[in-house]
Amino acid sequence: MNRDDIDVQPVAEPGTGYVRKGDAVARVDGRAKVTGGARYAAEHLTEDMAFGVVVNSTIAKGRIVAMHLDEALAVPGVAQILSHANRPNTRKLDLFYKDMTAPAGSPFKPFHSDAIFYSGQPVALVLADTFEAARYAASLVRVDYEQQPHETHLLANLERGYKPSRLKAGFSPPPAATGDAEAAFDAALVKVDSTYYAGVEHHNPMEMHATTVLRARDGHLTIYDKSQSSQNSRWMVSQVFGLSKDQVTVRNPFVGGAFGSGLRPQYNLILAVMAALRLERSVRVVLSRQQMFTFGHRPETWQRVRLAADAQGRLQSVMHEAIAETSRLEDYVEVVVNWSGQLYKCENVKLAYQVVQLDHYSPIDMRAPGAAHGVHALEVAMDELAYALRMDPLALRLANYSERDEAQDLPYSTKELRACYEQGAARFGWSQRPMAPRSMREGNELIGWGMATGQWDAMQMFARASAVLHADGRLVVSSAASDIGTGTYTVMAQIAAHAMGLPLEQVVFRLGDSTLPVAPIEGGSSHVATVGSAVEGVCEKLQRTLFGMALSLPGKPFARARFADIRFRDGAMCFDGASGPVAVALSTVLAQAGLDHLQEKYLMLPNILKQRKYVRATHSAVFCEVRVDEDFGTVRVTRVVSAIAAGRIMNPQLARSQILGGVVWGISQALHEETHADHRLGRFMNHSFAEYHVAANADIHDIDVIFVNEDDRIVSRLGAKGVGEIGLVGVAAAVANAIFHATGRRVRSTPMTPDKVMAPSQEWAAGDSGIGIGAVQT
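Residues numbered from 1 in each chain as written. Predicted model: local features only at pLDDT ≥ 70, side-chain atom pairs only at ≥ 80, totals over all residues. Heavy atoms only, no water.

1. Looking at helix H7 (residues 371-389)
Then step 1. Relative to the 27 Å expected for 19 residues at 1.5 Å per residue, H7 spans 26 Å between its end C-alpha atoms, a close match to the ideal helical length.
Then step 2. Counting buried positions over the 19 residues of H7 gives 19, a clear majority of the element.
Then step 3. Just past H7, the residue Arg390 takes up positive phi, approximately 55°. (Helix = DSSP H or I, 4+ residues; strand = E, 2+ residues; numbered from the N terminus. Expected span 1.5 Å × (residues − 1). Buried < 20%, exposed > 50% of the residue type's maximum accessible area, 1.4 Å probe, protein only.)

2. Here we look at the sheet that holds strand E24 (residues 567-569)
The pairing of strands in a sheet comes from backbone hydrogen bonds and takes either a parallel or an antiparallel form.
Then step 1. Taking strand neighbours across the sheet as the criterion, the three strands line up as E24-E25-E26 in an open arrangement whose pairing is antiparallel. Looking along the sheet, the strands with just one partner apiece sit at the ends: E24 and strand E26 (580-585). Neighbour-to-neighbour, the strand axes of the sheet open up by a mean angle of 30°, direction not taken into account. (Pairing = 2+ DSSP bridges. Axes fitted to C-alpha atoms, helices over the stretch in contact; angles between N-to-C directions.)

3. Remarks on the packing of helix H14 (residues 652-671) against helix H15 (residues 731-743)
Then step 1. Where H14 contacts H15, the axes come no closer than 8 Å and their chain directions differ by 50°. Classified by the angle between their axes, H14 and H15 sit oblique to one another. At the point where H14 passes H15, the crossing takes the right-handed sense. Residues Val663, Gly666, Ile667, Gln669, Ala670 and Leu671 of H14 form the contact with H15, whose participating residues are Val731, Ala732, Val735 and Ile739.
Then step 2. Classifying every residue of the contact of H14 with H15 gives eight nonpolar, two polar and no charged. (Parallel < 35°, antiparallel > 145°, perpendicular 65-115°, else oblique. Left-handed = near helix turned anticlockwise from the far one by under 90°. Contact = heavy atoms within 4.5 Å. Nonpolar A, V, L, I, M, F, W, Y, C, P; charged D, E, K, R; others polar.)

4. As for the nonpolar core
One recurring pattern in soluble globular proteins is that nonpolar side chains are buried together.
Then step 1. Core analysis: the biggest nonpolar cluster contains 101 residues, and Leu307 and Val626 have the highest contact counts within it.
Then step 2. Looking at this core, the element that brings in the most residues is H7, giving twelve residues.
Then step 3. Core analysis: the second largest hydrophobic core is formed by 61 residues, Val531, Ile566, Phe575 and Met604 among them. (Core = buried A, V, L, I, M, F, W, Y, C linked by side-chain atoms within 4.5 Å.)

5. Considering a nonpolar patch on the surface
Then step 1. On the surface, a cluster of nonpolar side chains totalling about 280 Å² of accessible area is made up of Phe462, Leu603 and Leu605.
Then step 2. Along the chain, the position of Phe462 falls in the loop between strand E20 (445-457) and strand E21 (463-470).
Then step 3. A residue is classified by how much of its surface remains accessible, and Phe462, at 45% relative accessible area, is partly exposed. (Patch = residues over 30% accessible without salt bridge, like charges linked within 9 Å, V, L, I, M, F, W, Y side chains within 5 Å. Areas by Shrake-Rupley, 256 points an atom, 1.4 Å probe, with all protein chains shown as cover. Salt bridge = Lys/Arg side-chain N within 4 Å of Asp/Glu carboxyl O.)

6. Quick word on the confidence of the model for the protein chain
Then step 1. The predicted model of the protein chain averages 95 in pLDDT, with 97% of residues at 70 or higher.
Then step 2. Below pLDDT 50 for its whole length, residues 762-776 participates in 36 contacts with residues either more than four positions away or in separate chains. (pLDDT = per-residue confidence, 0-100.)

7. A short note on the pairing of strand E8 (residues 190-198)
Then step 1. Among the nine residues in E8, seven count as buried, and that is most of the element.
Then step 2. Strand direction decides the pairing type here: E8 and strand E13 (residues 301-309), joined by nine bridges, are antiparallel. Counted as the bridge partner of Tyr196 is Gln303 from E13.
Then step 3. As judged from the two bridges shared by E8 and strand E33 (residues 749-750), these two strands associate in the parallel manner.

8. Structural notes on the packing of helix H10 (residues 488-500) against helix H11 (residues 527-550)
Then step 1. The contact between H10 and H11 brings their axes to 9 Å, and the two run at 30°. One finds that H10 runs roughly parallel with respect to H11. Like other packed secondary-structure pairs, H10 and H11 cross with a definite hand, here right-handed. Of the residues in H11, those in contact with Thr488, Val491, Met492, Ile495, Ala496, Ala499 and Met500 of H10 are His527, Val528, Val531, Gly532, Val535, Glu536, Cys539, Leu542, Gln543 and Leu546.
Then step 2. Grouping the amino acids of the contact of H10 with H11 by side-chain chemistry returns twelve nonpolar, four polar and one charged.

9. Description of the side chain of His44
Then step 1. Here His44 lies in the loop between helix H1 (30-35) and strand E1 (50-56).
Then step 2. You can call His44 buried: its relative accessible area is 3%.
Then step 3. Among the polar contacts made by the side chain of His44, one reaches the main-chain carbonyl oxygen of Tyr40 at a distance of 3.3 Å.
Then step 4. For His44, the contacting residues outside a window of four places in its chain are Asp7, Arg39, Met49, Thr212, Leu214 and Tyr224. (Polar contact = N/O pair within 3.5 Å; in protein donor to acceptor, adjacent residues only side chain to side chain.)

10. Structural notes on the packing of aromatic side chains
Then step 1. Inspection of every chain in the model, using the stated rule, returns 16 aromatic pairs.
Then step 2. On the basis of an interplanar angle of 40° and a centroid distance of 5.7 Å, the ring pair of Phe254 and Tyr489 is categorised as tilted. In this pair, Phe254 sits in the loop between strand E11 (248-251) and helix H6 (267-279) while Tyr489 sits in helix H10, placing the two residues 235 residues apart along the sequence.
Then step 3. For Phe254, a relative accessible area of 5% puts it in the buried group.
Then step 4. Taking the centre distance of 6.3 Å and the plane angle of 45° together, the rings of Phe428 and Trp430 count as tilted. For the pair formed by Phe428 and Trp430, the shared burial category is buried.
Then step 5. Aromatic rings pair up to connect Phe428, Trp430, Trp449 and Phe623 into one cluster. (Phe/Tyr/Trp six-rings, centres within 6.5 Å; stacked < 30°, edge-to-face > 60°.)

11. What about the pattern of salt bridges?
Then step 1. Counted according to the given criterion, the structure contains 40 salt bridges.
Then step 2. In this structure, Arg31 engages Glu13 in a salt bridge whose closest nitrogen and oxygen atoms are separated by 2.8 Å. Note that Arg31 is positioned in helix H1 and Glu13 in the segment before H1, a separation of 18 residues in sequence.
Then step 3. For Glu13, a relative accessible area of 36% puts it in the partly exposed group.

12. Some details on the sheet that holds strand E14 (residues 315-327)
Then step 1. Read across the sheet, five strands follow the order E16-E14-E13-E8-E33 without closing on themselves; strand pairing throughout is mixed. Edge positions in the sheet fall to strand E16 (349-358) and E33, since each of these pairs with one other strand and no more.
Then step 2. Sitting on the sheet, H7 touches E8, E13, E14 and E33, and the angle it makes with E8 is about 145°.

13. Focus: the environment of Gly37
Then step 1. Residue position: Gly37 is located in the loop between H1 and E1.
Then step 2. Between the C-alpha atoms of Gly37 and Pro10, which are 27 residues apart in sequence, the distance is 9.4 Å.
Then step 3. Residues contacting Gly37, with those up to four places away along its chain left out, are Val8 and Ala32.

14. Some thoughts on unusual backbone geometry
Then step 1. Between Thr750 and Pro751 the backbone carries a cis peptide bond, its omega angle lying at 0°.
Then step 2. The phi torsion at Lys556 lies on the positive side, around 50°, for a residue other than glycine.
Then step 3. In this structure, Lys556 sits in the loop between H11 and E24.
Then step 4. Take Lys556: its relative accessible area is 48%, and that puts it in the partly exposed class.

So this is what it looks like as structure tokens:
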């Protein structure tokens, strides 16, 4: 294996031509993906490769007493079986297992000891010359355990909740209370008090987690890992095994979906490297679909929301508390309740967030972590309050609209949520909605319309980028970014092509390699604002260098020009001089300087002093139509309008795709997805696509996406925010509110399955104020 081998580099189709920021450009990696040219983590093979299959624990807590391996080792082709008893040396301190997104606590260390922390924990890795031999041998491994009492039931342990550590990147604990929320609630005219529950959800991307370690003759490891950051994975491998960065290269040029599952390196990475070091050969480890349920998940969460308003609907009190699960090892945390202090104007706010340790693997981020649950509870409670007030749900939100974050007393950098409300409502036809539940029907289906608000952080990290302009007009821009299917390849090339005035097919953006300039983990909807700003920054450095070189051209065509007067278009430097327009090809500038290429590097640092004066966020208004079969309780989401304010949209085609995916996932969260545990065994039971339901094509109907005009130069020099998360936030709440409008039944737990939709205990009756179970009015 030549460690300098370069993977397929996606490039635009010939004839694509000149593009600008904001153009709807097709994916440059599309052809590679549909023709098989794009190779994923498990698709890099060598002749001497060993294949690893993981054996997982069958108990939730205890220790390994004995391992019976003789029968498995006797299978032809089996090379070795690794476990805690014979693994290669690894570092022992927690610090070395902490990746860039690890929460506080002690990270899980695969094969570190005989201790069992959760059901499904890897206990052995069978290595063989073929995958089939390894898989068969793995089925023959027998393990004796000493079991200990376990606890996996959140709702039975809410009293054990405690205030967690705040040491996790991106986490902000609930702000201090403002005013006197309890007294204001007690004194208010109209109020609701409801509890909400969300079950466990597991990641199920198309590409299962896999690691391929290609070992060179000199011992160098080139690792292809299912990851949202090649540099995060490389960091962990170097730290755990004591290898320098020159001994390890991690690549992730193509990632088949992630949205949080690849933020932290999973155990397949550590086990594959262990095997490669022990066998001194290349190794591939791929998790099965069932094993995708043996690491992190969206945490089970209980919430209570109390809202109070005056007769005009103005909020007098907002109280929101949440209790979520974490593991025995770490304090996994999310921003769940803070949104309730930001979205609406209220002087009396009290927020609380706790976690409960259970015998599960640590939860991990899943698309819109925290907001997916917290905003859902708030927005369903707002709908309940609207009915208690006999007020239109949209009118209630507008009555409490705020241009500032009341908790931090800061203005928003930009907030076009009001435009989202207006344009979304108009497109949906919200003004035609009757207020009373059960007022629309077609045949045996009850029809309901619901809406909700969404909010997500608009983040910017730091990043580096390099750019090389070649004499033939090719531009190669590089940064160790990732593309999990979101369109990073395309948008970065588009930004660079626009900046340099080059045809898109002459621009290549390189990513997914730990040796490239530093980039953050692709997460939190921050890649465009961060890496995109770095790309534009390095292109500006190229522009300035070219301008300086052009001042020395024969005839001095730019002698009277300032840099601000120069335009880069059609592959040339252009200037509208007093004697007429001037255009000199970039290739000519390089040739006159005797260069075959020109390289620049750039470090993009957020303007923290400026950004700290504002709250930076994306917003959405989601309008939803459902049809509910009155006999069977089945729900169809037949129409969704999602109006988004996410700064300047770099590529509407790809941004729309992101919102569509978020809405689909929101529908899946609302109606389908939940992992069920048998608490007697401490084990997740429905660990397959046959039993873990996700939205399929038949579940998805009309989705209309609107991008309202917004340009935010506080968040990024591009004016862009991110769109990855905001498409999901608020969708499940809009579905829940539409179900109430259709049926008069308030469902306060997700997923909203037919048994819950049909539950008679939460019915609304004609003439009722609209208050369901858990809501009170005085």
